[in-house]
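Notes for the structure review
Read off the chains here:
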Amino acid sequence: MTKSPFTAFFLAFLPGVGHLYLGKVARGVLYLLSFVLVLVGGFFLALVEPYDANVYLFASLFFCLIIWVVNMTDMVVHLLRRQQRYAGADELNGIADGSEPARSESDRFHTLLLSMIPGLGHFHLGLMNRGVAFLIAFFGLGTMIVFLSIVTGQSGFLVFFGI
């Protein structure tokens, strides 16, 4: 039974769970245990040392964020390599003879991954003008918010990053 790359990607938001779903037990256990141990260790140290609790909590959450980013990067790289491997095997077997049933799943998955940054998914689909418009609007708005926040000295403008 083949595992769905969509399911694996969304399960990877919990460190290690996506890897466990794909059968990569060592990676999954490594990411899951390191994330949980760092988080629990930080909270334990915050309880033991109440004077430095903020430092321990911040350090714990920072290292958990690093573990999460490494986990997600590993998952995306693994899924992209897996898709390329399957596409290459289909071409060698003669399946890619003009019809593209095997590529449609891969194209949807790549479009989903690229759509995390507005405009890149449109580039992948061949909609260049729409992709450029979204990309310029996204980065232009972000640059404008930072510039406005620096010029006025008001950090309240950074709230608009959430929008």
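In every chain, residue numbers begin from 1 and rise along the written sequence. Note on the predicted model: pLDDT of at least 70 is required for a residue's local features to be given, and 80 or more for side-chain atom pairs to be given and counted; whole-chain, interface and lining totals, by contrast, use all residues. Excluding hydrogens and water, the side-chain values take into account all heavy atoms of the structure.

Moving on, we come to helix α7 (residues 128-152). A run of H or I in DSSP counts as a helix once it spans at least four residues, and a run of E counts as a strand once it spans at least two, with each numbered from the N terminus. By this rule, a helix spans an expected 1.5 Å times one less than how many residues it contains. The terminal C-alpha atoms of α7 lie 35 Å apart, and with 25 residues this matches the ideal 36 Å at 1.5 Å per residue to within 8%. Here α7 has its buried residues at Gly131, Gly142, Ile145 and Ser149. Elements that come into contact with the buried residues of α7 comprise α6 (120-125). Trailing α7 by a residue or two, Gly153 shows a phi angle of about 75°, which is positive. We call a residue buried when its accessible area falls under 20% of the maximum for its residue type, exposed when it is over 50%, and partly exposed in between, using a 1.4 Å probe and counting protein chains only. Contacts between residues were defined by any pair of non-hydrogen atoms, one from each residue, lying within 4.5 Å.

Attention shifts here to the pattern of salt bridges. One side-chain nitrogen of Lys or Arg within 4 Å of one carboxyl oxygen of Asp or Glu is enough to make a salt bridge. On inspection of all chains with the given rule, the structure shows one salt bridge. Of the charged contacts, one joins Arg27 and Asp74 as a salt bridge, the two residues approaching to 3.4 Å between their closest N and O atoms. Of this pair, Arg27 sits in helix α3 (residues 25-48) while Asp74 sits in helix α4 (residues 53-92), placing them 47 residues apart in sequence.

Without a salt bridge and with relative accessible area above 30%, a residue can belong to a patch; like charges are then joined within 9 Å and nonpolar side chains (Val, Leu, Ile, Met, Phe, Trp, Tyr) within 5 Å. In this description, accessible areas are obtained by the Shrake-Rupley approach with a 1.4 Å probe, and a residue is regarded as covered only by the protein chains that are shown. On the surface, Leu20, Val25, Val29, Leu32, Leu33, Val36, Leu37 and Val40 cluster together into a nonpolar patch covering about 650 Å² of accessible area. With seven residues, the top contributor of residues to the nonpolar patch is α3. Within the element layout of this structure, Val40 appears in helix α3.

Let us look at the environment of Gly42. Along the polypeptide, Gly42 turns up in helix α3. Relative accessible area serves as the criterion here: at 6%, Gly42 is assigned to the buried category. A C-alpha to C-alpha distance of 5.4 Å links Gly42 and Tyr56, two positions 14 residues apart in sequence. Residues within four places of Gly42 in sequence aside, it is in contact with Tyr56, Leu57 and Ser60.

The topology assignment puts Phe147 in helix α7. On a C-alpha basis, the gap between Phe147 and Phe157 in space is 9.7 Å, while along the polypeptide they are 10 residues apart.

Turning to the confidence of the model for the protein chain, a few remarks are in order. Segments scoring low in pLDDT should not have their predicted coordinates read at a detailed level. Values of pLDDT, the confidence the predictor places in each residue, fall between 0 and 100. Per-chain confidence: the protein chain averages 79 in pLDDT, with 84% of residues scoring 70 or above. Within the protein chain, the lowest mean pLDDT, 65, falls on helix α5 (residues 101-114), and the highest, 91, falls on α3. In the model, residues 92-102 has pLDDT below 50 throughout and makes four contacts with residues more than four positions away in sequence or in other chains.

A word on the packing of aromatic side chains. The pairing test for Phe, Tyr and Trp rings, Trp by its six-membered ring, is centres within 6.5 Å, and the orientation test on the planes gives stacked under 30 degrees, edge-to-face over 60, and tilted for anything in between. The full count for this structure, using the stated rule, is seven aromatic pairs. Taken together, a centroid distance of 6.2 Å and an interplanar angle of 20° make the contact between Phe10 and Phe13 stacked. Phe13 gets classed as partly exposed once you look at its relative accessible area, which sits at 36%. For the pair Phe138 and Phe139, a centre-to-centre distance of 5.0 Å together with 75° between the ring planes defines the contact as edge-to-face. Overall, the relative accessible area of 41% leaves Phe138 in the partly exposed class. Linked through ring pairs, Phe9, Phe10, Phe13 and Trp68 together constitute an aromatic cluster.

Ala8, Phe9, Ala12, Leu22, Met72, Met75, Leu79, Phe109 and Leu113 together form the largest nonpolar core, which totals nine residues. Within the residue set of this core, elements represented by two or more residues are α1 (5-11), α4 and α5. A total of three residues in this core trace back to one element, the largest contributor, which is α4. When sequence neighbours within four positions are dropped, the list of residues in contact with Phe9 reads Met72, Met75, Val76, Leu79, Phe109, Leu112, Leu113 and Met116. By nonpolar core we mean a set of buried residues, namely Ala, Val, Leu, Ile, Met, Phe, Trp, Tyr and Cys, connected to one another through side-chain atoms within 4.5 Å.

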